[in-house]
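Overview (structure and organization)
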Amino acid sequence: MPASLPRLDIAEAVRIRRFRPLRLLLGALAIAFAIFVFRAFADAQIDWSVVWEYLLARITIVGLGFTILMTLVAMMIGLSVAVVLAVGFGSHNPVTRWICKTYVWLFRGTPQLLQLLLWYNLALVFPIVGFPGLGSWQTVDLMGPFAAAAIGLGLNAGAYMSEIIRSGLLSVDTGQYEAAKAIGMTRGKTLRKVIFPQAMRVIIPPLGNEFIGMTKNTSLASIVGFGELIFVMQSIYFYNFKVIEMLLVSAFWYLVVTSILSVGQYQLEKRFGRGFRRGGSL
Amino acid sequence: MNVVSAVNLSKSFGAFEVLKGINLDIAKGEVVCIIGPSGSGKTTFLRCINQLESINSGALWVNGELAGFRVVGERILPLDEHEIAFQRRATGMVFQRFNLFAHLTAEQNVALGPVEVLGQAPAQALGTARDLLARVGLSQKLKSYPAELSGGQQQRVAIARAMAMNPQVLLFDEPTSALDPELVGEVLKVMQEVATTGITMVVATHELNFARDVSDRVVFMADGRILEVGSPERMLTKPHEPRLKTFLSALSGSRAGSGDSDAQST
Ligand SMILES: Nc1ncnc2c1ncn2[C@@H]1O[C@H](COP(=O)(O)OP(=O)(O)O)[C@@H](O)[C@H]1O
Ligand SMILES: [Mg+2]
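Since the model is a prediction, treat every value here as computed from it, not as a measurement. For every chain, the first residue of its written sequence is number 1, and the numbers climb from 1 along that sequence. Following the order in which they are written, the chains are lettered starting with A and the ligands numbered starting with 1. Selection of residues for local features in this predicted model requires a pLDDT of at least 70, selection of side-chain atom pairs for listing and counting requires 80 or more, and totals for whole chains, interfaces and linings are taken over all residues. Calculated side-chain values reflect all of the structure's heavy atoms, with hydrogen atoms and water omitted.

To continue, consider the packing of aromatic side chains. Between rings of Phe, Tyr and Trp, where Trp is taken as its six-membered ring, a pair exists when centres lie within 6.5 Å; planes separated by under 30 degrees are stacked, by over 60 edge-to-face, and by other angles tilted. Tallied over the full model, the rule gives seven aromatic pairs over all chains. Whether a charge sits over a ring comes down to the Lys NZ or Arg CZ being within 6 Å of the ring centre and within 35 degrees of the ring normal. Above the face of the Phe89(A) ring, Arg166(A) is positioned so that its terminal group lies 5.0 Å from the ring centre.

Helix and strand definitions follow DSSP, with helices as H or I runs of at least four residues and strands as E runs of at least two, each counted in order from the N terminus. Expected helix span is given by 1.5 Å per residue-to-residue step, counting one fewer step than there are residues. Under the 1.5 Å per step criterion, the end-to-end length of helix H7 (residues 145-170) of chain A is 37 Å for 26 residues, consistent within 8% with the ideal 38 Å. A maximum bend of about 35 degrees is found in H7(A) at Tyr160(A). The bend at a residue is defined as the angle formed between two axes, one fitted to the seven residues ending at that residue and one fitted to the seven starting there.

Salt bridge, as applied in this entry: a Lys or Arg side-chain nitrogen positioned within 4 Å of an Asp or Glu carboxyl oxygen. Inspection of every chain in the model, using the stated rule, returns 17 salt bridges over all chains. Between Arg217(B) and Glu30(B) there is a salt bridge; the shortest N-O distance is 2.6 Å. In this pair, Arg217(B) is assigned in strand E11 (residues 217-222) and Glu30(B) in the loop between strand E2 (16-27) and strand E3 (31-35), connecting sequence segments 187 residues apart. Here Arg234(B) and Glu228(B) are joined by a salt bridge, their closest N and O atoms 3.0 Å apart. Exposure categories follow from relative accessible area, calculated using a 1.4 Å probe and restricted to protein chains: below 20% of the type maximum is buried, above 50% is exposed, and the middle band is partly exposed. Since its relative accessible area comes to 7%, Glu228(B) is described here as buried. Through salt bridges with shared partners, one network takes in Glu178(A), Lys11(B), Arg47(B) and Glu53(B).

Residues and elements named next belong to chain B. Neither face of strand E8 (residues 91-94) is left uncovered, since the one carrying Thr-91 and Met-93 and the one carrying Gly-92 and Val-94 both have all their residues buried. We treat two strands as partners when DSSP finds at least two bridges between them. Direction of pairing for E8 relative to strand E9 (residues 169-173): parallel, over a ladder of four bridges. Looking across to E9, one finds that Met-93 is bridged to Leu-171.

Next up on the list: the interface of chain B and chain A. With 25 residues of chain B at the contact, the number on the chain A side is 23 residues. In this description, buried area is defined as the sum, over both parts, of the accessible area (probe of 1.4 Å) that is lost when the two are combined. It is Phe101(B), His103(B) and Glu116(B) in chain B that bury the most area against chain A; as a group they hold 25% of the surface buried on that side. Counting the contacts that link chain B with chain A gives three salt bridges. For the purposes of these results, a polar contact is taken to be a pair of N or O atoms within 3.5 Å, where, inside protein, one atom must be able to donate a hydrogen and its partner to accept one; residues adjacent in sequence count only when each atom of the pair is a side-chain atom. Run the count over chain B and chain A and you get eight residue pairs in polar contact (both at pLDDT 80 or more). Broken down by secondary-structure element, the contributors of at least two residues to the side of chain B that touches chain A are helix H2 (81-88), E8 and helix H3 (106-116) of chain B. Among the elements that line the side of chain B that touches chain A, the one with the most residues is H2(B), at four residues. In terms of residue class, the side of chain B that touches chain A is built from 13 nonpolar, six polar and six charged. Contacts are residue-level and defined by heavy atoms, with any inter-residue pair within 4.5 Å sufficient. Any residue that is not Ala, Val, Leu, Ile, Met, Phe, Trp, Tyr, Cys, Pro, Asp, Glu, Lys or Arg is counted as polar, Gly included; the first ten are nonpolar and the last four charged.

Sheets are built from strands paired through backbone hydrogen bonds, the pairs being either parallel or antiparallel. All names here are of chain B. Strands sit in the order E8-E9-E10-E3-E11-E12 across an open sheet of six strands; the sheet is mixed. Lying at the two open borders of the sheet, with one neighbouring strand each, are E8 and strand E12 (225-230). Ignoring strand direction, the axes of neighbouring strands in this sheet form an average angle of 20 degrees. Strand direction decides the pairing type here: E9 and strand E10 (residues 200-204), joined by five bridges, are parallel. Note that in E10 the partner of Val-169 across the bridge is Thr-200. Between the N-to-C directions of two axes lies an angle of 0 to 180 degrees, each axis being a line fitted to C-alpha atoms and, for a helix, fitted only over the stretch in contact. Contacting E8 and E9, helix H5 (residues 151-164) runs over the sheet at an angle of about 175 degrees to E8.

With that settled, the discussion passes to the sheet that holds E2(B). Residues and elements named next belong to chain B. Overall, antiparallel pairing links the four strands, which are arranged E2-E1-E4-E5 in an open sheet. Each of the sheet's edge strands pairs with one partner strand only, and the pair in question is E2 and strand E5 (65-66). Bridge count for strand E4 (residues 57-62) against E5 is two bridges, and the pairing is antiparallel. Within E5, the residue paired with Trp-61 across the bridge is Leu-66. Strand contacts of helix H1 (residues 42-49): strand E1 (2-13), E2 and E4, with the helix running at about 120 degrees to E1, the strand carrying the most contacts.

Confidence in the prediction of chain B, expressed as mean pLDDT, is 93, and 95% of residues score 70 or more. Every residue carries a pLDDT, the predictor's confidence in it, which falls somewhere between 0 and 100. A low-confidence stretch, residues 256-266 of chain B (pLDDT under 50), is modelled with 22 contacts involving residues beyond four sequence positions or located in other chains.

Here we take up the side chain of Ser144(B). Mapped onto the elements of the fold, Ser144(B) is located in the loop between helix H4 (122-135) and H5. Not counting chain neighbours up to four residues away, the residues in contact with Ser144(B) comprise Thr105(B), Ala106(B) and Leu149(B).

What follows is the structure in structure tokens.
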């Protein structure tokens, strides 16, 4: 060390706390707003005992169960559709690509609510569905609230999620396809064993959002009479008039479920980030 | 028997003819180095051999089979994807940029093909993978992911991965061109050891020392043609072709100038 330089260590540097007026202002505003909302709820004479009563009531839990069940089923349908579409977009066959494009155009271009109503009223178009060799059924019997909601929510989500999956597939370097080909793997096996596992890293974060979005979207299924959380809460406040109380109960449960999903998403991100630690941003 | 036979092989990208009638026979156990300026078609030729590219005319025979096609009576019919995948088992490829599977550890990289393509039991495939990785000097790195390995180590894993499939011919596309100069030696040493096993090797390279010491024959390519073929001594010391002379002196000139052995190429 040159003798002319003073001996010092920046580890001993004084940490300066800067005065940040904007931050203070923002904090003050937030607190004021919170107090306002709190007062408003207090003045609205919310009957907290009713909230407590229904928070863990059997009927609430059943509604919650149907919300979760519908989320899972619709996501499963949506994911299957999305994977098929994403792979189809990468097909060499122009007809396949055209079919995929048309699907996305149709399902992204019309409101989700409209699609649910169409599925629910499918019997007006196709009174009878039949499969050769299996028999035929009345559409009204098949397309109950559950089926209409699952299909309506799932097929719609599939159109959106196909883009997520497609961008995930595109994020994988072409060298990975070639290396897999070079050891004699077929396209299907390459996708399953090499490409998808790596695409997951890119797919999981936005897919987590879709999952959380679907949890809330299932509430749309109340329009076709599917007994999920909102449907249950509405049917309760139609006779006890405790509207805000019931809505608070459902808000609480949606928050619980989406919070759990967020944690799960974080765990999955860690899992599929393996092998990408160095230099990777995730 | 010839492991690879190219007969008047041509390949175009659109209107651009990259390979213009390649004729080359490679015998079993032979080590052939392909040299030539950047853009001469070395990579494309190797990619044709393992059918990452399809050829436009001529014929290519690999391991005694017509690559990519079947002759039925008078007609020549293209093979389907599964049949081509099956034919690819005869060739192993080592890429310039390694292309290790980023989500798998070193040993999983080597074992994937044997398990998924050859149908070996995972335990057996992993055992073989560990043996192969030991042979390329990576016993300590079995559980490392590619991102945790140096370029030289990644390329050695890639060599083990190609060998795990027990191919008839190993193709190397400038395996040391993407490496830092001090890592080139370790990869060339492994390749030299692989050559002693008697496996057929086709190596596109700018490493003239390797070509001289290890190969049985040197092929000089330029502008999509093979201009000269011969033994390494003769090719490197008494070239006939003027373009080969120019190429060799340019290469040794750049060596002397930069003082390292890293040849730039695409
Ligand atoms: N996919 C491709 N599409 C169009 N041109 C290509 C493609 N791949 C290679 N080429 C061209 O073919 C020629 C030979 O390339 P290449 O085989 O990579 O040569 P080398 O490996 O000897 O450097 C180059 O002019 C290159 O630009
Ligand atoms: Mg090249």
